[in-house]
Amino acid sequence: MTTKEDRLLEWLRNAHAMEKQAETMLTAQAGRIESYPVLKAKIEEHLAETRRQGDMLQSCIERRGGDTSTLKDLMGKFAAMGQGFGGAVMDDEVIKGSMASYTFEHMEIAAYRVLIATAEACGDLETKAVCERILAEEMAMATWLGDNLPSVTSRFLSLEETGASAKR
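Read on for a plain summary of the structure. (Residues numbered from 1 in each chain as written. Predicted model: local features only at pLDDT ≥ 70, side-chain atom pairs only at ≥ 80, totals over all residues. Heavy atoms only, no water.)

1. Some thoughts on the overall build of the chain
Helix and strand counts for the chain stand at five helices and zero strands. Within the chain, the fraction of its 168 residues that count as buried is 45%. Contacts in the chain between residues at least 24 apart in sequence constitute 83% of all its contacts with a sequence separation of at least 6. Working note: accessible area of the chain is about 8,600 Å², and carbon and sulfur atoms make up 58% of it. (Helix = DSSP H or I, 4+ residues; strand = E, 2+ residues; numbered from the N terminus. Buried < 20%, exposed > 50% of the residue type's maximum accessible area, 1.4 Å probe, protein only. Contact = heavy atoms within 4.5 Å. Areas by Shrake-Rupley, 256 points an atom, 1.4 Å probe, with all protein chains shown as cover.)

And the structure:
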């Protein structure tokens, strides 16, 4: 029988792998963006948060007597690399990337809400606090992306109309 403590550790490992995937995805995205300086700066800011989040999750996992799943981390990184390669050939990469990031942030939000409830059920207030902090950062990024989709889209359309490279 799987206990709630087992689930918490499993889901913390999943979240760690998710953050590793996000790190790979954000690194690729930030490296290719040229014509959207505000978006690039925000992605780089969130990339730093994402790296810190991965470290915080690793600390929670280790405190609970576990270790991170190398296989899950690698699978997440490979998935993100595939997304990055796919985006590199799209003529509307910045739009597709913004939409994918917005969607990914909401998946992260759901994962951290599950983790918070599970940590609370286990009486692990430290993990709960870590996940609440990360949740707030993910919600802030999702809100920023949602609020800025119209301006990124307008810039893309404007650049495309003038014949400039709107892709990135």
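2. Regarding the packing of helix H4 (residues 93-122) against helix H5 (residues 125-162)
Contact pair H4 / H5: the axes reach a minimum separation of 8 Å and the direction vectors enclose 160 degrees. What the angle tells us is that H4 and H5 run roughly antiparallel. Remark: the crossing between H4 and H5 carries left-handed chirality. Split into classes, the residues belonging to the contact of H4 with H5 amount to 19 nonpolar, six polar and seven charged. (Axes fitted to C-alpha atoms, helices over the stretch in contact; angles between N-to-C directions. Parallel < 35°, antiparallel > 145°, perpendicular 65-115°, else oblique. Left-handed = near helix turned anticlockwise from the far one by under 90°. Nonpolar A, V, L, I, M, F, W, Y, C, P; charged D, E, K, R; others polar.)

3. Section: the pattern of salt bridges
Using the criterion set out here, one finds 15 salt bridges in the structure. A salt bridge links Glu 45 to Lys 42, with the nearest nitrogen and oxygen atoms 3.2 Å apart. Pair noted here: Glu 45 and Lys 42 are both in helix H2 (residues 37-63), with a separation of three residues, about one helical turn. Residue classification places Glu 45 among the partly exposed positions, given a relative accessible area of 43%. Of the residues examined, Lys 42 reaches a relative accessible area of 18% and is grouped as buried. (Salt bridge = Lys/Arg side-chain N within 4 Å of Asp/Glu carboxyl O.)

4. Regarding H5
Across its 38 residues, H5 extends 54 Å between first and last C-alpha, which sits within 8% of the 56 Å expected from 1.5 Å per residue. At Asn 148, H5 shows its maximal bend, which comes to roughly 45 degrees, and the proline Pro 150 appears one to four places after that position. A positive phi of about 85 degrees marks Gly 163, the residue just after H5. (Expected span 1.5 Å × (residues − 1). Bend = angle between axes of the 7 residues up to and from the residue.)

5. Focus on the packing of aromatic side chains
Evaluation of the coordinates by the stated rule reveals zero aromatic pairs. The aromatic ring of Tyr 36 is capped on one face by Arg 155, whose charged end is 5.8 Å from the ring centroid. (Phe/Tyr/Trp six-rings, centres within 6.5 Å; stacked < 30°, edge-to-face > 60°. Lys NZ or Arg CZ within 6 Å of the ring centre and 35° of its normal.)

6. Remarks on the nonpolar core
Looking at soluble globular proteins, one finds that nonpolar side chains tend to be buried together. Leu 12, Tyr 112 and Leu 115 are the most contacted members of the largest nonpolar core, which totals 23 residues. Contributing elements (two or more residues each) for this core: helix H1 (4-32), H2, H4 and H5. When neighbours within four sequence positions are excluded, Leu 115 is seen to be in contact with Leu 8, Trp 11, Leu 12, Ala 15 and Cys 131. Membership of the second largest hydrophobic core comes to 15 residues, among which are Tyr 36, Ile 43, Met 141 and Leu 145. (Core = buried A, V, L, I, M, F, W, Y, C linked by side-chain atoms within 4.5 Å.)

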